[in-house]
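# Topology and contacts: notes
So you can see what is in the structure, the chains are spelled out below.
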Amino acid sequence: MKRSSSALDRSSTNSNDNNDDNETYQASYSKMARYSSSRSRYDQREQPSMDSQVVDNTSSLSSHQSNILGSFSNPPTYVIHFLDTHLTFLQSFQICSLFGRVRIHGHTLRPSVYYSIYNYRTNTALPMEFIPSVITMNINLQDIKSMIPNEQLAENIASHVRQKGGDILLIRNESTNDSLFIQTIRKHRFYSKLFMENYQFFSQDKWKQMEQDLQIRFIETSNSNAIIPRNEFISTIDRIINRWLSETTEDFPFVVLICGEKDMGKSTFTRQMINRALNHINSIYNLIYFDCDIGQCEFTMGGCVSYKNLTSPLLGPPFSHIQANMKPDRLLYYGLVSPQASPVRYLQYIDKLRQLWNVDYRNRKPNRSMILVNTMGWGTGLGLELLKETICMCCPNVIIQLTDNMTSSQVQNRMPDITLQWLLEQPVFVPYRQTLQMSSERQKDYDGELNYEYIKLQSAAIANIQTRPSPTEIPKIRARDYRLFATWSYFFSLRLNRIDLPWSQIIHVSLLDNANPNTLPDSLEKSIVGFCSNENINQLQNKASPINGIHQILDYQDQIFECFGFGWIERCNKQTQTYEIYTPIDCLTNIRILISGAFDTPDEFQYMFKRITVE
């Protein structure tokens, strides 16, 4: 089932790998039951105790019992007594739960810790969900005062919670609202409606006042405008998490691969699973995200494959957590947003990412990892061949497929059910297998060693399409728009540095098939480049051809480039023979290669850089 030659695994001398499947299942089930019981007791010990029993008088989704108790500080932090099952605010803000009885998109908030929430109209909003509990809690006035400097307000909070239960939410401005990215996007001719709200300043209502002060919008929580996961999703996710906690050892990771056609809600489901799994990570268990979707990356700009060790919840769309200081643990720059032009190289990048993770794991303290593998939404033709090879490389324990309400057997040109039977019948991608130099018998063993649980889920995205706002109200968001947001966020959420790189120290590679090497360096001006390295850098230096004073690599198909970040070439100074570059990266000492790829560059970029004051 697991193999060192191709799986996401670790070398092991354990001789019990061939145990009977039924015995393995029964043993795993027993461990899961014992662990779940002890975990429940652990969670109860971690919850605060209470002086007297408090009854939670929470309301349903449609009615609103929550109220604003006041505010403090300048700019203001508002205090909300949370008495509903859900509350939903649009735009970005920071939220804190005083008693830790709030969940957002699967993640349980730690008491007295602020979290940044990004509910822009680019994506369906994430509501705050109250967690009912029979466990009593201690209403400690001193703890409340440590968060609320206003003594009278703190006493009022304690009185309200003793009477009605619930939780106390502190909500304040999100600091990134002042970034150049948000300031610019809120003035954009096409995207402004997604990132700002209109307010009526004559209202004296407390909720309206909070909306105006924090630039947020309080909306009704419903399935049509907020992500309320179905019970089927929650039970499936929790069952998989319990398998990870009970079955995984330090020798092998627990791998979950998520697939489905585009617009099936894979990203939303994956973030929900990540956030619920993060409730369990500690020094023993850790969570890894493998991103194989080069068209819509979670933590980078488009055209990359990466893995990241996750420690913080994902409470917004990708561009809300794409920043230079949040770079993945490993980032490989493929350079294109689709693998169609170079599918063999795409699979080589996935395989290299797997190898790098194995190396990195051996160099740190062993733990019990769950790896979530995100795949592309290409479910036909070549896309299926690439998916099969990705499955064979990653050797998943579970495959989750999100689909619409029509079965794959009824519609042509749709993704089939990715079962074990499909895997055995699906043709291999011959050009890639030829690079592996496998015999036909070895290929048969390579595929036949796989064994995974297949789970098919009805997509939640399809059901909400008819009830969402019409295109006249909100612009339709395409995949390219999300990539543009990611590029904007990467460059303009943090302070930019101005760096001059001598041409003589850099090798240039263009990953575009139609690139003309004779146009360099002029064609590099006003473009985005990747700062990369390569394990064969000495060989590449010897192979580099000097053209117009630029050292270029023209034959790169067998090379894989590890990326450290990205920059904007403002000017190619021919007098000093240097690149004048803007980048959020602080240090470029290890950069030996500049790579040009198929970047989605917003037209406004060259104008935005003129506004920058470089420190």
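What counts and what doesn't
- Residues numbered from 1 in each chain as written.
- Predicted model: local features only at pLDDT ≥ 70, side-chain atom pairs only at ≥ 80, totals over all residues.
- Heavy atoms only, no water.
- Core = buried A, V, L, I, M, F, W, Y, C linked by side-chain atoms within 4.5 Å.
- Buried < 20%, exposed > 50% of the residue type's maximum accessible area, 1.4 Å probe, protein only.
- Helix = DSSP H or I, 4+ residues; strand = E, 2+ residues; numbered from the N terminus.
- Phe/Tyr/Trp six-rings, centres within 6.5 Å; stacked < 30°, edge-to-face > 60°.
- Lys NZ or Arg CZ within 6 Å of the ring centre and 35° of its normal.
- Axes fitted to C-alpha atoms, helices over the stretch in contact; angles between N-to-C directions.
- Parallel < 35°, antiparallel > 145°, perpendicular 65-115°, else oblique.
- Left-handed = near helix turned anticlockwise from the far one by under 90°.
- Contact = heavy atoms within 4.5 Å.

## A look at the nonpolar core
Ranked by internal contacts, the top residues of the largest apolar core, which has 107 residues, are F491 and F566. For this core, the element with the most residues is helix α9 (residues 343–362), which contributes nine residues.

## A short note on the packing of aromatic side chains
Counted according to the given criterion, the structure contains 31 aromatic pairs. Arranged with centres 5.7 Å apart and planes meeting at 80 degrees, the rings of Y490 and F566 form a pair that is edge-to-face. With Y490 in helix α15 (residues 479–492) and F566 in strand β22 (residues 562–573), this residue pair connects regions lying 76 residues apart in the sequence. We classify Y490 as buried; its relative accessible area is 6%. Classification of F566 by relative accessible area gives buried; the value is 1%. Centre to centre, the rings of F491 and F492 are 6.4 Å apart; their planes meet at 50 degrees, and the pair counts as tilted. Through successive ring pairs, a cluster of aromatic residues spans Y118, Y120, F181, F190, Y191, F195, F319, Y482, F485 and W488. The ring of Y114 has R172 lying over it, and the distance from NZ or CZ to the ring centre is 3.5 Å. Over the face of the ring belonging to F299 we find K308, whose NZ or CZ atom lies 5.6 Å from the ring centre.

## Things to note about the packing of α9 against helix α10 (residues 382–394)
Any two packed helices are characterised by the angle at which their axes cross and by the distance between the axes. Two elements in contact, α9 and α10, have axes whose closest approach is 10 Å; the angle formed by their N-to-C orientations is 20 degrees. Put simply, α9 runs roughly parallel to α10. By crossing handedness, the relation of α9 to α10 is classed as right-handed. Contacts between α9 and α10 involve P343, Y346, L347, I350, D351 and R354 from the former and L382, L386, E389, T390 and M393 from the latter.

## Notes on the environment of I553
Along the chain, I553 falls in strand β21 (residues 550–553). The spatial distance from the C-alpha of I553 to the C-alpha of S510 is 7.9 Å, given a sequence separation of 43 residues. Excluding residues within four positions of it along the chain, I553 makes contact with I507, H508, V509, L540, K543 and A544.

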